[in-house]
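Coordinate inspection notes
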Amino acid sequence: MKPIEIAPGIYDVGVNDWNIEDFHGYSTPFGTSYNAYLIMDEKIALIDAVKDKEHFPEEMLHKVAAIVDPAKIDYVISNHTEMDHSGALGKVLQAVGVDTPLICSRVGHKNLALHFHQDWNFKVVKSGAELSLGKRTLTFLETRMLHWPDSMFTYIKEDQILFSSDAFGQHYAGNEKFDDVLGGAVMPHAKKYYANILMHFSPQVLKLVKAVTAMGMEFKMICPDHGVVWRKNPRKILDAYVRWANQERVHKAVLVYDSMWSSTEKMANAIAAGIAEKGVEVRPMTLRKWHRSDVMTEILDAGAIIVGSPTLNNNIFPTVMDMLIYMKGLRPFNKLAAAFGSYGWSGEAVKQINTQFEAMKLEIMDPGLRVQYVPNKESLETCVEWGRKIGGAIVQG
Ligand code: FEO
């Protein structure tokens, strides 16, 4: 496998992880890539490493060696401590030289020490610090909590190329290495990535976009640590990030539920029909089929989150609680919310879902809808009417 020259003298020496299916709770049916970048100048810099799994470190070093003897690398830059980018650092430094300056943020230094317990030659940089490689200058920009406290970007001002760590990434493994080559598929991957990795950090995203705009930074190319490089129109992903960070909503309801004996499912279908009658897009998503990370992708731009659960042993059904906990961590906002469900005798689930909605500070638009045991014709008509009410509220905004 050859390294890919993404710009004159700049190479992607990362690897594809074709087979990963679960990325800490995020379903990755298209795999992912761990990108790392080699910059050839009078001084040579390597940005990030790869996961220390299987053959990945060896493959990365093989790609580096196809361009230059790794021992000639002058600087290793760690934009982010998480192990998918730092895991192979030990093996990389063995090949490059253990005394090679390892450039990172202040928190990066602390976190790398806590991960690897090695006395490497750390060089801590602050936001705005510059490093000349010869013809090119690297500028470092701390991006705390985007998405870890150690995260930072590296920018080449002469080429206007940004190495953005996890930001603007997509979990996608492919031989396509650029947005224009992957084509229309790139935005759905980027949206799922934002919804599941960065939604929680939306205020920091908006702050960062404001800061780089104020600094007058222009981007001809954005190179994330996962997926393809944005070269055709980097503005497109920046604008999408602003939209997603504001959680701008469209006329759409996500109706996520599970069911024990199909009664909650019957309610879900009737509610969906009522919502659709108001001209609102509705996505009924049973947790027997849909992964929580796909549900979050749909929630990102939805106007309403409708959650359905039967009551099991006086509680919310476990799959629905899993969904709610995952959702709460990602902090959706600017959404209406409502709960429904079938029950046998105690029926606590709807109330407990509302408690979760309150914890998420979502706008509960209705106390909830319950049906005892199996819905009949009348109760299904009540569900349709309840759906119409939700659809009308979404349209009214
Ligand atoms: Fe791709 Fe935060 O690691």
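Everything quoted here is computed from the prediction, not taken from an experiment. (Residues numbered from 1 in each chain as written. Predicted model: local features only at pLDDT ≥ 70, side-chain atom pairs only at ≥ 80, totals over all residues. Heavy atoms only, no water.)

1. Here's the deal with the domain arrangement of the protein
In terms of domains, the protein is made up of domain 1 (4-246) and domain 2 (254-396). Contacts between domain 1 and domain 2 engage 14 residues on the former and 15 residues on the latter. Applying the counting criterion to the domain 1 and domain 2 interface returns 2 salt bridges. Between K192 and D294 there is a salt bridge, with its nearest N and O atoms 3.0 Å apart. One can count 8 residue pairs in polar contact (both at pLDDT 80 or more) joining domain 1 with domain 2. Among the secondary structure elements, those contributing two or more residues to the side of domain 1 that touches domain 2 are β5 (26-27), α6 (186-198) and α8 (234-245). Of all the elements, α6 adds the most residues to the side of domain 1 that touches domain 2, at 5 residues. Of the residues belonging to the side of domain 1 that touches domain 2, the class tally is 6 nonpolar, 6 polar and 2 charged. (Domains from an automatic or database assignment. Contact = heavy atoms within 4.5 Å. Salt bridge = Lys/Arg side-chain N within 4 Å of Asp/Glu carboxyl O. Polar contact = N/O pair within 3.5 Å; in protein donor to acceptor, adjacent residues only side chain to side chain. Helix = DSSP H or I, 4+ residues; strand = E, 2+ residues; numbered from the N terminus. Nonpolar A, V, L, I, M, F, W, Y, C, P; charged D, E, K, R; others polar.)

2. Some thoughts on the sheet that holds strand β14 (residues 152-156)
One open sheet holds the 5 strands; their spatial order is β12-β13-β14-β15-β16, and the pairing between them is mixed. Both edges of this open sheet fall to β12 (130-132) and β16 (221-223), since each of them pairs with a single strand only. Taking each pair of neighbouring strands and ignoring which way they run, the sheet shows an average axis angle of 20 degrees. Taken together, the 3 bridges between β12 and strand β13 (residues 137-142) define a ladder with antiparallel strand orientation. (Pairing = 2+ DSSP bridges. Axes fitted to C-alpha atoms, helices over the stretch in contact; angles between N-to-C directions.)

3. Points about the layout of surface pockets
Counted as a void, the largest pocket has a volume near 310 Å³. Every residue lining the largest pocket is counted, 19 residues in all, and those nearest its centre are M260, W261, T311, Y343 and G344. Elements with a contribution of two residues or more to the lining of the largest pocket: α9 (263-277), β20 (311-312) and β22 (336-343). Looking at the lining of the largest pocket, its residues break down into 8 nonpolar, 11 polar and no charged. (1 Å grid on protein atoms, 1.4 Å probe; cavity = no way out; pocket = protein on both sides within 12 Å on 5 of 7 lines; lining within 4 Å. Points joined across faces, edges and corners; volume = space filled by probe spheres on them.)

4. Digging into empty space enclosed by the protein
Tallied over the full model, the rule gives 2 cavities of 30 Å³ or more. Its boundaries defined by the atoms lining it, the largest cavity holds a volume of some 80 Å³. L146, F153, L162, A167, F168, V205, L208, V209, V212, F219, L238 and Y241 together form the lining of the largest cavity. Mapped by element, the contributors of at least two residues to the lining of the largest cavity are α7 (202-214) and α8. Counting residues per element, the lining of the largest cavity draws most heavily on α7, at 4 residues. When the residues that make up the lining of the largest cavity are grouped by side-chain class, the tally is 12 nonpolar, no polar and no charged. If you add up the space inside the second largest cavity, you get close to 40 Å³. Lining the second largest cavity are F23, H24, E82, D84, H147, D166, H171, Y193, I197 and H226. Class assignment of the residues belonging to the lining of the second largest cavity gives a composition of 3 nonpolar, 4 polar and 3 charged.

5. As for the sheet that holds strand β2 (residues 10-12)
With respect to topology, 7 strands assemble into an open sheet ordered β1-β2-β7-β8-β9-β10-β11, the strand pairing being mixed. Whereas interior strands pair on both sides, the edge strands pair on one side only; in this sheet they are β1 (4-7) and β11 (122-124). The mean angle between the axes of side-by-side strands here comes to 25 degrees, regardless of whether they run parallel or antiparallel. Summarising the sheet, strand β8 (residues 44-47) and strand β9 (residues 75-77) pair through 3 bridges and their orientation is parallel. Considered in β9, the bridge of L46 is made with V76.

6. A short note on the nonpolar core
Within the largest apolar cluster, 92 residues are counted, with the highest numbers of intra-cluster contacts made by F168 and I237. No other element matches the 8 residues that α6 contributes to this core. Aside from chain neighbours lying at most four places away, what touches F168 is F153, L162, I222, P224, W230, I237, L238 and Y241. If you look at the next biggest cluster of nonpolar residues, it comprises 24 residues, including A268, V280, L336 and I390. (Core = buried A, V, L, I, M, F, W, Y, C linked by side-chain atoms within 4.5 Å. Buried < 20%, exposed > 50% of the residue type's maximum accessible area, 1.4 Å probe, protein only.)

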